[in-house]
Amino acid sequence: MSANEVLEQVKALPLRERRKFFACVHELETAIELAPAAMRKRRIRRPDATARRRRIVGDKVLPNLVLLAREQERY
């Protein structure tokens, strides 16, 4: 549904229903304006990949399998 179709539908509403519609739209707009400010304050926590690797593997040094495969390739 396009914006023009929505406007035609709203114009066809009785005055009381039209006011209710615009009041709801206004509430949604104010809620959207307040939401980004609250989201900016929230800190994003990212997983610690190094700590997870140490828990799984320990302090072992794993070989770089990509480099080993490249060494074994023929040129």
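Conventions used here
Counting restarts for each chain, with residues numbered from 1 along the sequence as it is written. The predicted nature of this model means local features are confined to residues of pLDDT at least 70 and side-chain atom pairs, given and counted, to a pLDDT of 80 or more, with totals for whole chains, interfaces and linings taken over all residues. Excluding hydrogens and water, the side-chain values take into account all heavy atoms of the structure. In DSSP terms, a helix is any run of H or I states spanning at least four residues, a strand is any run of E spanning at least two, and both are numbered starting from the N terminus. Throughout this description, buried means an accessible area under 20% of the type-specific maximum (1.4 Å probe, protein chains only), exposed means over 50%, and partly exposed covers the range between. What counts as a ring pair is set by centres within 6.5 Å for rings of Phe, Tyr and Trp (its six-membered ring), and what kind of pair is set by the plane angle: stacked under 30 degrees, edge-to-face over 60, tilted for all other angles. The residues that make up patches have over 30% relative accessible area and no salt bridge, and they are joined within 9 Å when like-charged or within 5 Å when they are Val, Leu, Ile, Met, Phe, Trp or Tyr. All accessibility values rest on the Shrake-Rupley procedure with a 1.4 Å probe; residue burial counts only the protein chains present in the view. A side-chain nitrogen of Lys or Arg and a carboxyl oxygen of Asp or Glu constitute a salt bridge if their distance falls within 4 Å.

S.K.: Help me understand the overall build of the chain, please; the structure alone is not making it clear to me.
M.R.: Looking only at helices and strands, the chain features four helices and zero strands. Written out in order from the N terminus, the α and β elements of the chain read α-α-α-α. For the chain, the residues scored as buried account for 1% of the 75 residues in total.

S.K.: Looking at this structure, I do not really get the packing of aromatic side chains. What am I missing?
M.R.: The geometry of an aromatic ring pair is captured by two quantities: the separation of the ring centres and the angle between the planes. In the structure shown here, the tally under the stated rule is one aromatic pair. Centre to centre, the rings of Phe21 and Phe22 are 5.5 Å apart; their planes meet at 70°, and the pair counts as edge-to-face.

S.K.: Sorry if this is basic, but what is going on with a nonpolar patch on the surface here?
M.R.: Where nonpolar side chains cluster on the molecular surface, the patch consists of Met1, Val6, Leu13, Phe21 and Phe22 and spans about 470 Å² of accessible area. The topology assignment puts Phe21 in helix 2 (residues 15–41).

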